[in-house]
Amino acid sequence: MSRLTRRDFLMTTAAAGLAASFAGSAGAATAAPKKGGTLLASWGGFEPQALFVPAGGGSSPYFTATKVHERLFRLTSELKFEPELALEIKPAADFRSYTIKLRDNVKWHDGKPFTADDVVYNAMEYWKPISGGVSLNALQGAEAVDPLTVVLKFSAPVPEFFLKSVLAGKAGLVIAKHIYAGSNIITNPINNTPVGTGPYKVKEWVRGSHVEFLRNDNYWAPGLPYVDRLVIRWWRDPASRSAAFEAGQLDIATFNPIPPPEITRLTAGGKFIAETKGYSNSAWVTTVEFNQRREIFKKREVRQALMQAIDRDFIADTVFFGRAHPSVGAIASSNTIFFTKDVQAYPFDVKKAGAMLDAAGYPIKSGSRFKLSLVSAGWFEENIKIGQYVKQAFEDLSIDVELTVPDRATSLKRIYTDYDYDVAISNNSGGIELIPTTTQYYTTDGIVKGAAFRNATGYSNPKMDDIVAKMTVETDEAKRIELAHAFDSLAATDIPILPMVDLEPVTIARSDVRNHSTAADFMGDSWSGVWLDR
């Protein structure tokens, strides 16, 4: 195979070069919001498998579901909790119970009232057993004191920031008891046309093309949402999204929707902006994962050796054109609370990697050390290039590599359902709070066959489980930070999965799209406040 160089990668895009920074704004409202219009949106990935995937399912269904389903609280871009379906939450003095006051006059899209019974159902039937994982292990019960008051009871003290983060995070979406009770939440067909309390109602999902949402005229927030229609459409490659912007077929798209070299050109005329806000609670990484159901990869020394063989600066500079940087550990460097540099590092050193494989019992014999299957998840174009690079890097160690880049559905099935891979290139996004979105890739409870973006490697270490379990009940924030650092240190040493690069996401929008990127996780916000200045 011919060698892949930086120039090879550069030649795969239409233009080279990327400005180090972008001029942009979040479309701050300089005038009174205007009502009406159709907002055309997309993101830097593909169509979801369902509009709502209760157990997770990745960013694509998360993007669509959060326009319909809401949470009790939201986290602003300034990392402040704001009321959504709840007005307040107060802990007891011992942090073993929390009283939640709910917003009045909230209705589901089918006209039924939203009440405390819905929250009790979610707490015990959805959040604890399905979406929350280990984060709600201590939840013992939930009681509806009156139609607008719920008390959550725990078997141990639960940190306030932690619980609020869970309720405001990906695991905290609220679903309707009267729709889901008595059914299998995960397989309920309503997940393809979800019914929520959010600002938008599903009109139709045209598979292979788009989903259309209509304004919820009975939304609890007076005057919101501003736009009449929201259309989320999917394109298969970044260049097509760039062309769609220029053709007037796209108003806003999140998470690196267009080729990096296109950003400077597209925003140069002032018609479009590039915005980096809106990702402070959604740290994106590209990961390499080792399937420990395979004998070779049960050896930690093998996993560590292979990490030494990957030049992550090359990936950051060449594949992402500088819009990424090598990851330090399992905790993203953008995490202002828990990040630490004090973890084991894996600098690029092919010679050392070879020596480590020799020592691990895998010397070169008849020209090869061993064979492996490499699956590079095909939901991002960058993963294709990274897969090609990692294949070459491993071949430099005399490892035979069979690379496949399946489509999104097949990638999900091979990695998270069939475990049909030796090494996988994947992606995930984690929040400021590590439990469960980050920790579930490492804890035993994260091994859920068929549940996407959890522990697919089969890694199980009682010490790791114990550290994370302690974090769920430690109310002293300083001690929680110490536990987080212990988690990161063990994750970086055992490396069942290791982030290769931290991505630096950007949202592209027409300059007349206003009041966007105001949440800590804008892609997963309801978008009720976005309006069109036309």
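Heads up: the structure comes first, above all this text.
Residues numbered from 1 in each chain as written. Predicted model: local features only at pLDDT ≥ 70, side-chain atom pairs only at ≥ 80, totals over all residues. Heavy atoms only, no water.

**Student:** Mind showing me how you'd approach the environment of Arg-229 here?
**Tutor:** Take Arg-229: it is sitting in strand β10 (residues 229-233). Residues Arg-229 and Phe-154 lie 75 residues apart in sequence; the distance between their C-alpha atoms is 42 Å. Once you skip the residues sitting within four places of it in the chain, Arg-229 turns out to touch Gly-37, Thr-38, Leu-39, Glu-212, Phe-213 and Leu-214. A polar contact is formed between the side chain of Arg-229 and the side chain of Glu-212, at a distance of 2.8 Å. (Helix = DSSP H or I, 4+ residues; strand = E, 2+ residues; numbered from the N terminus. Contact = heavy atoms within 4.5 Å. Polar contact = N/O pair within 3.5 Å; in protein donor to acceptor, adjacent residues only side chain to side chain.)

**Student:** Honestly, the packing of helix α14 (residues 462-473) against helix α15 (residues 477-494) in this entry has me stumped. Any pointers?
**Tutor:** For any two helices packed against each other, the geometry is given by the interaxial angle and the distance between the axes. Axis separation between α14 and α15 bottoms out at 9 Å; the angle between their running directions is 160°. Here α14 lies roughly antiparallel to α15, going by the angle between them. Crossing of α14 over α15 shows left-handed handedness. Only Arg-480, Leu-483, Ala-484, Ala-486, Phe-487, Leu-490 and Ala-491 of α15 make contact with α14, whose side of the interface consists of Lys-463, Met-464, Ile-467, Val-468, Lys-470 and Met-471. Residue classes in the contact of α14 with α15 are distributed as 10 nonpolar, no polar and three charged. (Axes fitted to C-alpha atoms, helices over the stretch in contact; angles between N-to-C directions. Parallel < 35°, antiparallel > 145°, perpendicular 65-115°, else oblique. Left-handed = near helix turned anticlockwise from the far one by under 90°. Nonpolar A, V, L, I, M, F, W, Y, C, P; charged D, E, K, R; others polar.)

**Student:** Would you mind going over the pattern of salt bridges with me for this structure?
**Tutor:** Side chains that carry opposite charge are capable of pairing whenever their charged atoms lie near each other. In total, this model carries 24 salt bridges according to the counting rule given. Here the salt bridges do not stand alone but share partners, grouping Asp-251, Arg-510, Asp-512 and Arg-534 into one network. (Salt bridge = Lys/Arg side-chain N within 4 Å of Asp/Glu carboxyl O.)

**Student:** How should I be thinking about the pairing of strand β7 (residues 149-154) in this particular structure?
**Tutor:** Residues in a regular strand project their side chains so that they alternate between the two faces of the sheet. Summarising burial for β7: five of the six residues are buried, a large majority. Note that strand β5 (residues 97-102) and β7 share five bridges and pair antiparallel. From the neighbouring strand, Lys-101 faces β7, where its bridge partner is Thr-149. Here strand β6 (residues 139-146) folds back onto β7, and the loop between the two strands holds two residues. (Buried < 20%, exposed > 50% of the residue type's maximum accessible area, 1.4 Å probe, protein only. Pairing = 2+ DSSP bridges.)

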